[in-house]
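An overview of the molecular structure
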Amino acid sequence: MAAAVDRWTELAAKPEAADLADQVFELVYTQMRAIAAARHQELDDLVQIAAEQAFRALPSFEGRSQLSTWTYRICYHALVSHERWSSRFFRRFIVGREAPEWDDPTPLAEEELLRRERVARLRAALACVAPKRRAVVVLHDLEGLSIDEVADIVGAKRNTVKSRLRDGHRQLAKLLREDPYFGDAAGGAQR
């Protein structure tokens, strides 16, 4: 513990510490937004949780991986932990009630409305994918990380990540095939 405090004191004394803190927060915000899927109502809370964990753990960051990989891992674990907690909460206290959806009253062109509807439906479908599979799909397919980078972030073996990715693709393709905005075109998403 004393070594971590000394390292944090050493980091905080440097002029680039503020830049590092800004960079960590920006990474956490961007990454959490990417992997949190349809949880836009909880995004601020998730970012705060992950940012607090990242700032607390910053003295232990040894630089053996990229800072973005390190923060992705923190975001992933914060999201999975939050998913567990919220599923337990909803099972116990909320039965048959849906959270209200946010509506954007701005009138848009028809193409933009269709694009937004597809994005909303894709997010909703992603939200239905199991959390560990969803995180792997988002990190690999949307964020463009390699299988090895994803494995490092989620703390799983390479083959486990590959199977979660395959299963996530299958689950997402099945959900999208049933959606009229995607239909049979979604069958090609399966690998």
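Calculation rules
- Residues numbered from 1 in each chain as written.
- Predicted model: local features only at pLDDT ≥ 70, side-chain atom pairs only at ≥ 80, totals over all residues.
- Heavy atoms only, no water.
- Helix = DSSP H or I, 4+ residues; strand = E, 2+ residues; numbered from the N terminus.
- Contact = heavy atoms within 4.5 Å.
- Areas by Shrake-Rupley, 256 points an atom, 1.4 Å probe, with all protein chains shown as cover.
- Core = buried A, V, L, I, M, F, W, Y, C linked by side-chain atoms within 4.5 Å.
- Buried < 20%, exposed > 50% of the residue type's maximum accessible area, 1.4 Å probe, protein only.
- Lys, Arg positive; Asp, Glu negative; His and termini not counted.
- Salt bridge = Lys/Arg side-chain N within 4 Å of Asp/Glu carboxyl O.
- Axes fitted to C-alpha atoms, helices over the stretch in contact; angles between N-to-C directions.
- Parallel < 35°, antiparallel > 145°, perpendicular 65-115°, else oblique.
- Nonpolar A, V, L, I, M, F, W, Y, C, P; charged D, E, K, R; others polar.
- Expected span 1.5 Å × (residues − 1).
- Polar contact = N/O pair within 3.5 Å; in protein donor to acceptor, adjacent residues only side chain to side chain.
- Phe/Tyr/Trp six-rings, centres within 6.5 Å; stacked < 30°, edge-to-face > 60°.

**Quick notes on the overall build of the protein chain**
- Counting its secondary structure elements, the protein chain contains 8 helices and 0 strands.
- Its helices and strands in sequence order give the protein chain the pattern α-α-α-α-α-α-α-α, from N to C terminus.
- Here the analysis covers contacts within the protein chain between residues at least 6 apart in sequence; of these, 66% occur between residues at least 24 apart.
- Taken as a whole, the protein chain presents about 12300 Å² of accessible surface, with 52% of it coming from carbon and sulfur.

**Some points on the nonpolar core**
- Ranked by size, the top nonpolar core spans 44 residues in total, and within it Val28, Met32, Ile35, Leu139, Val154 and Val161 carry the most contacts.
- In terms of residue count, the dominant contributor to this core is helix α4 (residues 67–93) (9 residues).

**A look at the side chain of Arg164**
- Relative to the assigned elements, Arg164 resides in helix α8 (residues 158–177).
- No salt bridge is formed by the buried Arg164, whose closest oppositely charged neighbour, Asp167, lies at an N-O distance of 7.9 Å.
- When residues no more than four places from it in sequence are discounted, the contact partners of Arg164 are Tyr76, Lys132, Arg133, Val136, Val154 and Ala156.

**Some thoughts on the packing of helix α6 (residues 131–142) against α8**
- One way to put it is that α6 packs onto α8 with a least axis distance of 8 Å and a crossing angle of 95°. When the interaxial angle is binned, α6 and α8 end up roughly perpendicular. The segment α6 lies against α8, with Lys132, Arg133, Val136, Val137, His140 and Asp141 engaging Val161, Arg164, Leu165, Asp167, Gly168, His169 and Gln171.
- A per-class count over the contact of α6 with α8 returns 4 nonpolar, 4 polar and 5 charged.

**Details of the environment of Ala50**
- Considering the arrangement of structural elements, one finds Ala50 in helix α3 (residues 43–57).
- When sequence neighbours within four positions are dropped, the list of residues in contact with Ala50 reads Val28, Met32, Ile74, Cys75 and Ala78.

**Regarding α6**
- Counted at 1.5 Å a residue, the expected span for α6 with its 12 residues is 16 Å, and the 15 Å between its end C-alpha atoms agrees.
- Along α6, the positions that sit buried rather than exposed are Arg134, Ala135, Val136, Val137, Val138 and Leu139.
- The positive-phi residue at the C-terminal boundary of α6 is Gly144, with phi of around 75°.

**Notes on the side chain of Arg134**
- Mapped onto the fold, Arg134 is located in helix α6.
- Exposure remark for Arg134: the relative accessible area of 2% places this residue in the buried category.
- Within the local environment of Arg134, its side chain forms a polar contact with the backbone oxygen of Val129, the two atoms lying 3.2 Å apart.

**With respect to the packing of aromatic side chains**
- Across all of its chains, the model carries 1 aromatic pair by this definition.
- A centroid spacing of 5.0 Å and a plane angle of 50° characterise the contact between Phe61 and Trp70, whose relative ring orientation is tilted. Here Phe61 and Trp70 have matching classes, each one buried.

**Considerations on α8**
- An ideal rise of 1.5 Å per residue puts 28 Å on 20 residues; α8 measures up with 28 Å between its terminal C-alpha atoms.
- What α8 keeps buried is the set Val161, Arg164, Leu165, Asp167, Gly168, His169, Leu172, Ala173 and Leu176.

**Things to note about the pattern of salt bridges**
- Summed over the entire model, instances satisfying the criterion amount to 7 salt bridges.
- A salt bridge links Asp179 to Arg121, with the nearest nitrogen and oxygen atoms 3.2 Å apart. Linking Asp179 in the segment after α8 with Arg121 in helix α5 (residues 110–128), this pair joins segments that are 58 residues apart in sequence.
- Note on Arg121: relative accessible area 26%, which makes it partly exposed.
- Note that Asp167 and Arg166 form a salt bridge whose closest N and O atoms lie 3.0 Å from each other.
- Each member of the salt-bridge network shares a partner with another, and the members are Glu117, Arg121 and Asp179.

Honestly, that's just the spatial picture; any functional story needs more than this.
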